[in-house]
Amino acid sequence: MNLERLPNEEKLILCRKYYLGGFAFLPFLWLVNVVWFFREAFVKPAYTEQLQIKAYVKWSAVGLLFWVAVLTTWITIFQHFRAQWGEVGDSLSFTIPLGTP
């Protein structure tokens, strides 16, 4: 999508949709929001909707960093302790690795 062709009001609506969509456990939408609207929020000359877009981009970045931290922590803990958790670790696994832990 070319953001240059959209009027500023439509940019704000689209940015808000991606921001709110991230709360539906879809942090990828926050990544898209930050990448797509960073230039609109911080590089372009000022316009009326820019302050709201800037806020959505900032909070999308905060939410994205939070999800990255949470997922990285969970993956690290799970990979390290899965074998010790026994049956619970196996039931949480999509595939059960063969061999000794």
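Residue indices follow the written sequence of each chain, beginning from 1 at its first position. In keeping with the predicted nature of the model, local features appear solely for residues at pLDDT of at least 70, side-chain atom pairs appear and are counted solely at 80 or more, and the whole-chain, interface and lining totals rest on all residues. Note that water and hydrogens are dropped before the side-chain values are worked out from all heavy atoms of the structure.

1. As for the packing of helix α1 (residues 8-21) against helix α2 (residues 27-42)
Spelled out, the test is: Throughout, an axis means a line fitted to C-alpha atoms (over the contacting stretch in the case of helices), and angles, computed between N-to-C directions, take values from 0 to 180 degrees. Runs of H or I in DSSP of at least four residues are treated as helices and runs of E of at least two as strands, each being numbered from the N terminus. Roughly parallel refers to an angle under 35 degrees, roughly antiparallel to one over 145, roughly perpendicular to one between 65 and 115, and oblique to any angle outside these ranges. Each crossing gets its handedness from the near helix: less than a right angle anticlockwise from the far helix is left-handed, clockwise is right-handed. Any two residues having at least one pair of non-hydrogen atoms within 4.5 Å are treated as being in contact. Amino acids outside the nonpolar list (Ala, Val, Leu, Ile, Met, Phe, Trp, Tyr, Cys, Pro) and the charged list (Asp, Glu, Lys, Arg) are all regarded as polar, and Gly is one of them.
At their nearest, the axes of α1 and α2 sit 8 Å apart, and the two run at 150° to each other. By the angle between their axes, α1 is roughly antiparallel relative to α2. Taken as a pair, α1 and α2 cross one another with a handedness that is left-handed. Between α1, through Lys11, Leu14, Cys15, Tyr18, Tyr19 and Gly21, and α2, the contact on the second element is made entirely by Leu29, Trp30, Val32, Asn33, Trp36, Phe37 and Glu40. In terms of residue class, the contact of α1 with α2 is made up of nine nonpolar, two polar and two charged.

2. Details of the pattern of salt bridges
Inclusion rule: Throughout this description, the term salt bridge denotes a Lys or Arg side-chain nitrogen within 4 Å of a carboxyl oxygen of Asp or Glu. Classification of residues uses two cut-offs on accessible area relative to the type maximum, computed with a 1.4 Å probe and protein chains only: under 20% is buried, over 50% is exposed, and between them is partly exposed.
Per the stated rule, a full pass over the model turns up four salt bridges. Between lysine 44 and glutamate 4 there is a salt bridge; the shortest N-O distance is 2.6 Å. Taken together, the residues span a long stretch of sequence, with lysine 44 in the loop between α2 and α3 (50-81) and glutamate 4 in the segment before α1 at a distance of 40 residues. Two residues, lysine 11 and glutamate 40, come together in a salt bridge whose shortest N-O distance is 3.2 Å. Separated by 29 residues along the polypeptide, lysine 11 in helix α1 and glutamate 40 in helix α2 bring together distant segments of the chain. Each member of the pair lysine 11 and glutamate 40 is classed as buried. One salt-bridge network, in which partners are shared between bridges, spans Glu4, Lys11, Glu40 and Lys44.

3. Description of the packing of α2 against α3
Where α2 meets α3, the axes come as close as 8 Å, and the angle between the chain directions of the two elements is 145°. Considering how the two elements wind past one another, α2 and α3 form a crossing that is left-handed. From α2, Pro27, Trp30, Leu31, Asn33, Val34, Phe37, Phe38, Glu40, Ala41 and Phe42 reach across to α3, where they touch Gln50, Ile53, Lys54, Tyr56, Val57, Lys58, Ser60, Ala61, Gly63, Leu64 and Trp67. For the contact of α2 with α3, the per-class residue count stands at 14 nonpolar, four polar and three charged.

4. Some details on the side chain of serine 93
Just so we agree on the cut-off: As used in this structure description, the phrase polar contact means that two N or O atoms lie within 3.5 Å; if the pair is within protein, one of them must be able to donate a hydrogen and the other to accept it, and residues adjacent in sequence are counted only when both atoms belong to side chains.
Tracing the backbone shows serine 93 in the segment after α4 (87-92). Polar side-chain contacts of serine 93 include one of 2.8 Å to the backbone oxygen of glycine 89. Contacts of serine 93, omitting those with residues within four sequence positions, involve Phe78 and Arg82.

5. What to know about unusual backbone geometry
For phenylalanine 25, which is not glycine, the phi dihedral falls at a positive 55°. With respect to the element layout, phenylalanine 25 can be found in the loop between α1 and α2. In this structure phenylalanine 25 comes out as exposed when scored by relative accessible area, which is 64%.

6. Section: a nonpolar patch on the surface
Defined as follows: Put simply, a patch holds well-exposed residues, over 30% relative accessible area, that have no salt bridge, with like charges counted together within 9 Å and Val, Leu, Ile, Met, Phe, Trp or Tyr side chains within 5 Å. Each accessible area is a Shrake-Rupley estimate made with a 1.4 Å probe; only the visible protein chains count as cover when residues are assessed.
Taken together, the side chains of Leu71, Trp74, Ile75, Ile77, Trp85, Val88 and Leu92 present a nonpolar region at the surface, about 640 Å² in accessible area. Among the secondary structure elements, those contributing two or more residues to the nonpolar patch are α3 and α4. A per-element tally of the nonpolar patch places α3 first, with four residues. Note on placement: tryptophan 74 falls in helix α3. On the accessibility criterion, tryptophan 74 (42% relative accessible area) is partly exposed.

That is the geometry; function is a separate question.
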